Amino acid sequence: MTFWGYDSTFEISFHVDADVLQRFNPRAGQDEEASLQVFDVNRSRIESVASGIYARRKQNFNRLSTSDF
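Just so it is clear, the structure is predicted and the values come from calculations on it, not from any experiment.

### Things to note about the overall build of the chain
No. 1: Helix and strand content of the chain: three helices and three strands.
No. 2: Along the chain, helices (α) and strands (β) appear in the sequence β-β-α-α-α-β when read from the amino end.
No. 3: Principal-axis analysis of the C-alpha atoms gives the chain an extent of 35 × 20 × 15 Å.
No. 4: Within the chain, the proportion of its 69 residues that are buried is 35%.
No. 5: Sequence-distant contacts in the chain: of pairs separated by 6 or more residues, those separated by 24 or more amount to 48%.
No. 6: Here the chain carries 8 positive and 10 negative side-chain charges, and the mean point of each set is 9 Å from the other.

### Some remarks on the pairing of strand β1 (residues 2-7)
No. 1: Sheet topology places β1 next to strand β2 (residues 10-16); six bridges connect them, and they run antiparallel. Its bridge partner lying in β2, Gly-5 is registered against Ile-12.
No. 2: Here β1 folds back onto β2, and the loop between the two strands holds two residues, one of which, Ser-8, carries a positive phi near 60°.

### Section: unusual backbone geometry
No. 1: Phi angles above zero are rare outside glycine, and Ser-8 is one such case at about 60°.
No. 2: Looking at the element boundaries, Ser-8 is found in the loop between β1 and β2.
No. 3: One non-glycine residue, Lys-58, lies in positive phi territory at about 50°.
No. 4: Its place among the elements puts Lys-58 in the loop between α3 (43-57) and β3 (61-64).

### Details of helix α2 (residues 32-41)
No. 1: Considered for burial, the residues of α2 that qualify are Ala-34, Ser-35, Val-38 and Phe-39. The arc that holds the buried residues of α2, viewed along the axis, is 135°, so those residues lie on one side. Away from its buried face, by an angle of more than 90 degrees, α2 presents the exposed residues Glu-32, Glu-33, Gln-37 and Val-41.
No. 2: Where α2 is buried, its residues touch β1, β2, α1 (18-24) and α3.

Rules and cut-offs
Residues numbered from 1 in each chain as written. Predicted model: local features only at pLDDT ≥ 70, side-chain atom pairs only at ≥ 80, totals over all residues. Heavy atoms only, no water. Helix = DSSP H or I, 4+ residues; strand = E, 2+ residues; numbered from the N terminus. Buried < 20%, exposed > 50% of the residue type's maximum accessible area, 1.4 Å probe, protein only. Contact = heavy atoms within 4.5 Å. Lys, Arg positive; Asp, Glu negative; His and termini not counted. Charge placed at Lys NZ, Arg CZ, Asp CG, Glu CD. Pairing = 2+ DSSP bridges. Arc of directions from axis to C-beta.

Here it is as structure tokens:
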């Protein structure tokens, strides 16, 4: 799943591995609707991790894997 954040006028892409969403809710399906629902429920946690990773790396594309959580 991909989402975007902004640093001033720069758009920053983040990709959350499917394993991350499965770890948050192992009973959720893996279709788009289920993934979006798991993402929404865990949005603040995902954004917090994404912010920390971006602060360290300052890259335009960042991949969030289970090891980041």
